[in-house]
Amino acid sequence: MLANGRFVNPQTHSSESLAVSMTVDGNITNTTVINLTQLTWYSAWIVAVNVRETDGKQLTSFPSDVTAFSLPGPLIGPRTVRSYVTGVSAVITWERPLNWPRPVTWYRLSYYNVSSDPSKQIDYEYVSARKPKSVTFFNLRPYTKYRTEIKAILGFDLWTRTVSHNFATKQTAPSPPQNLQAIAVDARSVTLTWSPPLHANGVLRQYRVYMQPGRSHPPTGQGKRVDGSFNLQPQTRLNVSGLTPVTLYRFWVQAVNVEDVELISQLSRPANFTTIAEEMVYSEQ
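The shown structure was predicted, so the numbers you read here are calculated from the model rather than taken from an experiment.

Caption draft 1: Broad picture of the confidence of the model for the protein. Of all residues in the protein, 75% have pLDDT values of 70 or greater, and the mean over the chain is 80. Predicted confidence is poor over residues 1-18, with pLDDT under 50, and the contacts of this stretch with residues over four places away or in other chains come to 58 contacts.

Caption draft 2: Quick peek at the pattern of salt bridges. Tallying each qualifying case throughout the model produces 3 salt bridges. Between Arg188 and Glu278 there is a salt bridge, and its shortest N-O distance comes to 2.7 Å. Of the two residues, Arg188 is situated in the loop between strand 14 (178-185) and strand 15 (189-195) and Glu278 in the segment after strand 21 (271-274); the sequence distance between them amounts to 90 residues. By relative accessible area, which is 42% here, Arg188 ends up partly exposed. Under the relative-accessibility criterion, Glu278 is labelled partly exposed at 40%.

Caption draft 3: Here's a closer look at the sheet that holds strand 14. The strand order across the open sheet formed by 3 strands is 14-15-18, and the pairing between neighbours is antiparallel. Strands at the two margins of the open sheet, each flanked by one partner only, are strand 14 and strand 18 (237-241). Averaged over all pairs of adjacent strands, the angle between strand axes in this sheet comes to 20 degrees, irrespective of strand direction. Summarising the sheet, strand 14 and strand 15 pair through 5 bridges and their orientation is antiparallel. Within the sheet, the bridge partner assigned to Gln178 lies in strand 15 and is Ser195.

Caption draft 4: Representation of the environment of Ser241. Looking at where Ser241 falls in the secondary structure, it is placed in strand 18. Accessibility expressed as a relative area gives 55% for Ser241, which makes it exposed. Measuring from C-alpha to C-alpha, the distance between Ser241 and Ala187 comes to 9.4 Å, with 54 residues separating the pair along the chain. If sequence neighbours within four positions are ignored, Ser241 has contacts with Arg188 and Ser189.

Caption draft 5: Region of interest: the packing of aromatic side chains. In the structure shown here, the tally under the stated rule is 8 aromatic pairs. Seen in terms of ring centroids, Trp94 and Tyr107 are 5.2 Å apart; in terms of plane orientation they differ by 65 degrees. Their pairing is edge-to-face. Separated by 13 residues along the polypeptide, Trp94 in strand 7 (residues 90-95) and Tyr107 in strand 8 (residues 104-113) bring together distant segments of the chain. Side by side, Trp94 and Tyr107 carry an identical accessibility label, which is buried. Geometrically, the ring pair formed by Tyr249 and Phe251 is tilted, given 6.5 Å between the ring centres and 45 degrees between the ring planes. Owing to a relative accessible area of 5%, Tyr249 belongs among the buried residues under this scheme. A relative accessible area of 1% means that Phe251 is categorised as buried. Taken together, the ring pairs connect Tyr111, Phe137, Tyr146 and Phe167 into an aromatic cluster.

Rules used in this analysis
Residues numbered from 1 in each chain as written. Predicted model: local features only at pLDDT ≥ 70, side-chain atom pairs only at ≥ 80, totals over all residues. Heavy atoms only, no water. pLDDT = per-residue confidence, 0-100. Contact = heavy atoms within 4.5 Å. Salt bridge = Lys/Arg side-chain N within 4 Å of Asp/Glu carboxyl O. Helix = DSSP H or I, 4+ residues; strand = E, 2+ residues; numbered from the N terminus. Buried < 20%, exposed > 50% of the residue type's maximum accessible area, 1.4 Å probe, protein only. Pairing = 2+ DSSP bridges. Axes fitted to C-alpha atoms, helices over the stretch in contact; angles between N-to-C directions. Phe/Tyr/Trp six-rings, centres within 6.5 Å; stacked < 30°, edge-to-face > 60°.

In structure tokens form, the structure reads like this:
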């Protein structure tokens, strides 16, 4: 007796390429079908066939009841995830794996600051599979490490594995230095102090101190530089000499980050002061 089995992929409604025939001897009533596709539902039924010995004609039974099954498989997530960043945004792109047999309806992306508690910082973005495979995250913090996680929804109820991708935003210009003060003023010099920017937005490499006599604004010239090393931020203190007695001065300070180009903050609030008069020395003759 021969038994013919037929397996139908309900997504394509194709059965010709999945037909299988086997010869059943004695009480053997099972067989193995290969080359099926993972994550795909199939319908299967069997018909029994006798072969008439006199003329070789096949006598076929009615089909058996239909059974449905699907093959398990690794739910591989999106592939080739890339990021293109600025100081405050990131464009995330990805590609669809080649072995997904079911249609994708949505992609879900999440991202969070890896230095924060992810349970409190996650934001979600849903992208229709009909749109280009990219999304832009805005309002990110400069010079900060983030992680994005992507998964896809196949059909209506099947989620793929999550794929993680790390990226870091670039440096931007820092906010202005704070609390600029003249703490020691004499006739020809002054000592200035200030506080670092509230938002460094990167690694501070330099401060620039500007001076103008009188009430002019903004300052002109290159400014006096207070440099830091590769590992240490620059100091927040500077002694300026060569001033003129009894003269009004205004000082400002800027902070500088460097990433390919200099990223310079706005000017701080000015520090205003007047140098004192030099002491007169009298001698009796």
